[in-house]
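Chain by chain, the residues:
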Amino acid sequence: MEARRVLRGERVLLRPLASSDLRRCVKWFSDPQIIRFLGRDAPVTLAEEERWFRDYERRTHKIDRVHRKAEVGIVIGEPSFWSQGYGTEAMRVVLQYGFDGLGLNKISLDVLEYNTRALRTYERLGFQREGVHREDIYKDGRFVNVMRMSILARELSDEPQA
């Protein structure tokens, strides 16, 4: 997302990460349920998150304006908000902004093969599986595949799907 851009859906408000969010992120990324769906094996520390945030503020986001494509990722850190459609709505808002606001043609993401809730959400939105990064990460004592998915502007439906 471009600096300071705020996106709104019916129930979600999306804004760039701020330093005031870091303690909440540490809490989320220390939850074993959430760590399971990330490429990490251990909780994040505040010092690690602060270092990551400094790099985040300096780097350009993964938007390729020449080829009109971008990468996206999403985390819902509060398990009480899972399976209530917030992730679907947030991703739909991001996709509409990417395609309509930025004029992108393609938006991609990576997801762990066992994150079935996310896979279903992305497929409902119109994402297609492009390929597999075979045994791409070592997690919980085994190698895990990472699914590469993408959606093209013409594939995003305006209809919310249950």
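The sections below set out a description of the structure shown in this document. (Residues numbered from 1 in each chain as written. Predicted model: local features only at pLDDT ≥ 70, side-chain atom pairs only at ≥ 80, totals over all residues. Heavy atoms only, no water.)

**Quick word on the sheet that holds strand β5 (residues 106-112)**
Reading across the sheet, the five strands line up as β3-β4-β5-β7-β6 and stay open at both edges, with mixed pairing between neighbours. In this open sheet, the two strands that pair with only one neighbour each are β3 (63-64) and β6 (128-139). Inspection of the sheet shows β5 paired to strand β7 (residues 142-152) by seven bridges, in the antiparallel sense. Directly across from Leu-112, in β7, lies its bridge partner Val-146. Along the sheet face, helix α4 (residues 86-101) touches β5 and β7 and points at about 150 degrees away from the line of β5. (Pairing = 2+ DSSP bridges. Helix = DSSP H or I, 4+ residues; strand = E, 2+ residues; numbered from the N terminus. Contact = heavy atoms within 4.5 Å. Axes fitted to C-alpha atoms, helices over the stretch in contact; angles between N-to-C directions.)

**Some thoughts on the packing of aromatic side chains**
Throughout the structure, instances matching the rule amount to seven aromatic pairs. Where Phe-37 meets Trp-82, the ring centres are 6.3 Å apart and the plane angle is 80 degrees; that geometry is what we call edge-to-face. With Phe-37 in the loop between α2 (32-35) and α3 (46-58) and Trp-82 in the loop between β4 (69-71) and α4, this residue pair connects regions lying 45 residues apart in the sequence. You can call Phe-37 partly exposed: its relative accessible area is 22%. Judged by its relative accessible area of 18%, Trp-82 is buried. Three or more aromatic residues link up through ring pairs in this structure, and these residues are Phe-37, Trp-82 and Tyr-114. Across from the ring centre of Tyr-86, 4.0 Å away, lies the NZ or CZ of Arg-11, which sits over that ring. (Phe/Tyr/Trp six-rings, centres within 6.5 Å; stacked < 30°, edge-to-face > 60°. Buried < 20%, exposed > 50% of the residue type's maximum accessible area, 1.4 Å probe, protein only. Lys NZ or Arg CZ within 6 Å of the ring centre and 35° of its normal.)

Just geometry here; none of it tells us what the structure is for.
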